[in-house]
Amino acid sequence: MSADRETNHDMANSDITLLLADATDEVEIGIAPYEAVIRGGRRRKARRWAVAAATALVIAGSSATLAVAGLPGGSGTVTPPATQAPTATRADLYTPQRTTLRTGVEDGKEWRVFIDVWAAPRSEAEAAGQLAAMGEYGDVPTGVTKASELIGKSSYVTFFSDGDSADRDNRRGVYEDAFEAADDPMGSTDVQSAAIPFRTTNEHVQRLVVGMVGKDAEQVTCTWRDGTKTKVDRPGQDTEVSTDQAAIRTAKGSPVDWFVCLAPKGTGYGTADVTAVR
């Protein structure tokens, strides 16, 4: 790099993109070390990235088909949940749009779930810069090994933080995917959800559920293995609901809405269904 480029603070965007592209060589592709369960309804045609370190997958819905990369017997592709690509706004490609989906306190310790949504790069240079930025945030999607795989996709990653910090060293991924222009919108009763153990990898009961629904869903019901249920409603128009209350929420940059359920102690995930629509 020349001395002029090191000292010139008026670099063009193309210069910054090239610098970020150079940095992709240092990105490490991580593997999330926990167990997850996925359930969903109608699915879109686009290829899905692997659910973050999923070791168990369960599909609900007669139209669903599945082949999972990295799982025993998988063919390396998945037909994922029906979603719709975001509108083509030029959001910052190198900073995720972050939304807190849920917060809470259990056993005197804070926890939270949040989502990072990355705008879709249009070229390989933009994608290279974004991949480098994802590496800095700890958001590199599982299975992505080269920048070109990000082109035209608005990527998202959902995380669980067992504490009040979203620092990359204090969180676990839940699941991830990408919104693409060819995707169909989610129907009014479509739901896609993932469940992971709430606290540690030694805990094998999937208590924490994160899911997505379409814009017409008014209520989601999480049913637990012991038969109890948790209902999650969409807030009324212009009604603000604090993040420590369960609710169907919008997320910045996401064309679908989101919900989070936590099973009572002693039981685990059964199903998640849309139980009321507009």
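Criteria and cut-off values
- Per-chain numbering applies: the sequence of each chain, read as written, is numbered from 1 onward.
- Since the coordinates come from a predicted model, pLDDT governs what is reported: local features require at least 70, and pairs of side-chain atoms require 80 or more to be given and counted, while whole-chain, interface and lining totals use all residues.
- To obtain the side-chain values, all non-hydrogen atoms of the structure were used and water was disregarded.
- Put simply, a disulfide is two cysteine sulfurs that come within 2.5 Å.
- Helix numbering and strand numbering both begin at the N terminus, where a helix is a DSSP run of H or I of at least 4 residues and a strand a DSSP run of E of at least 2.
- Three exposure classes are used, based on accessible area relative to the maximum for each residue type with a 1.4 Å probe and protein chains only: buried under 20%, partly exposed in between, and exposed over 50%.
- Per-residue confidence from the predictor is reported as pLDDT, a score between 0 and 100.
- In what follows, a contact means two residues having at least one pair of non-hydrogen atoms within 4.5 Å.
- Two strands are counted as paired when DSSP detects at least two bridges linking them.
- Residues belong to a common nonpolar core when they are buried Ala, Val, Leu, Ile, Met, Phe, Trp, Tyr or Cys residues joined through side-chain atoms within 4.5 Å.
- Note on geometry: axes are lines fitted to C-alpha atoms, helical ones only across the stretch in contact, with angles between N-to-C directions running from 0 to 180 degrees.

### Considering the state of the cysteines
Then step 1. The full count for this structure, using the stated rule, is one disulfide.
Then step 2. Each disulfide pairs two cysteine sulfurs, and for Cys222 the partner residue is Cys261, the sulfurs being separated by 2.2 Å. Judged by the sign of its S-S torsion, about 75 degrees, the bond between Cys222 and Cys261 is right-handed. Here Cys222, found in strand E8 (residues 217-224), pairs with Cys261, found in strand E10 (residues 257-262); they are 39 residues apart in sequence, far enough to count as distant. Grouping residues by exposure puts Cys222 and Cys261 together as buried.

### What to know about the confidence of the model for the chain
The predicted structure's coordinates, where accompanied by low pLDDT, should not be read in detail.
Then step 1. Per-residue confidence for the chain gives a mean pLDDT of 75, with 65% of residues at or over 70.
Then step 2. Residue range residues 16-21 is modelled with pLDDT below 50. Its contacts to residues more than four positions away, or to other chains, number 13 contacts.
Then step 3. Contacts of residues 23-34 to residues separated by more than four positions or lying in other chains number 22 contacts, the stretch itself having pLDDT below 50.

### As for unusual backbone geometry
Then step 1. In the Ramachandran plot, Asp107 falls in the positive-phi region, its phi being about 55 degrees despite a non-glycine side chain.
Then step 2. Within the secondary structure layout, Asp107 lies in the loop between strand E2 (97-106) and strand E3 (109-118).
Then step 3. With phi around 65 degrees, Asp238 is a residue other than glycine that occupies positive phi space.
Then step 4. Mapped onto the secondary structure, Asp238 falls in the loop between strand E9 (229-233) and E10.

### Things to note about the pairing of strand E5 (residues 172-180)
Regular strands have side chains that alternate between both faces of the sheet.
Then step 1. The buried fraction of E5 amounts to nine of the nine residues, a majority that puts the element mostly inside the structure.
Then step 2. The pairing of strand E4 (residues 153-161) with E5 spans seven bridges and is antiparallel. Across the sheet, residue Phe159 finds its bridge partner in E5, namely Gly173.

### Considering the nonpolar core
Then step 1. Grouped together as the largest cluster of nonpolar side chains are 22 residues, with contacts concentrated most on Val113, Tyr156, Phe160, Tyr175, Leu208, Val210 and Trp258.
Then step 2. Of all the secondary-structure elements, those providing two or more residues to this core are E3, E4, E5, strand E6 (191-197), strand E7 (206-213) and E10.
Then step 3. Here this core takes four residues from E3, the largest share from any one element.
Then step 4. Sequence-distant contacts of Phe160, that is, excluding residues within four places in its chain, are made with Trp111, Arg112, Val113, Asn170, Arg171, Arg172, Val174, Ile196, Phe198 and Leu208.
Then step 5. Listed in part, the 16 residues of the second largest apolar core include Val213, Ala217, Ile248 and Tyr269.

### A few points about the sheet that holds E8
Then step 1. Within the open sheet, the three strands sit side by side as E9-E8-E11. Their pairing is antiparallel. With one partner strand each, in any of the chains shown, E9 and strand E11 (269-277) form the two edges of the open sheet. Strand-to-strand twist in this sheet, taken as the mean axis angle between neighbours without regard to direction, amounts to 20 degrees.
Then step 2. Bridge count for E8 against E9 is five bridges, and the pairing is antiparallel. By the bridge assignment for E9, Thr223 is matched with Lys229.

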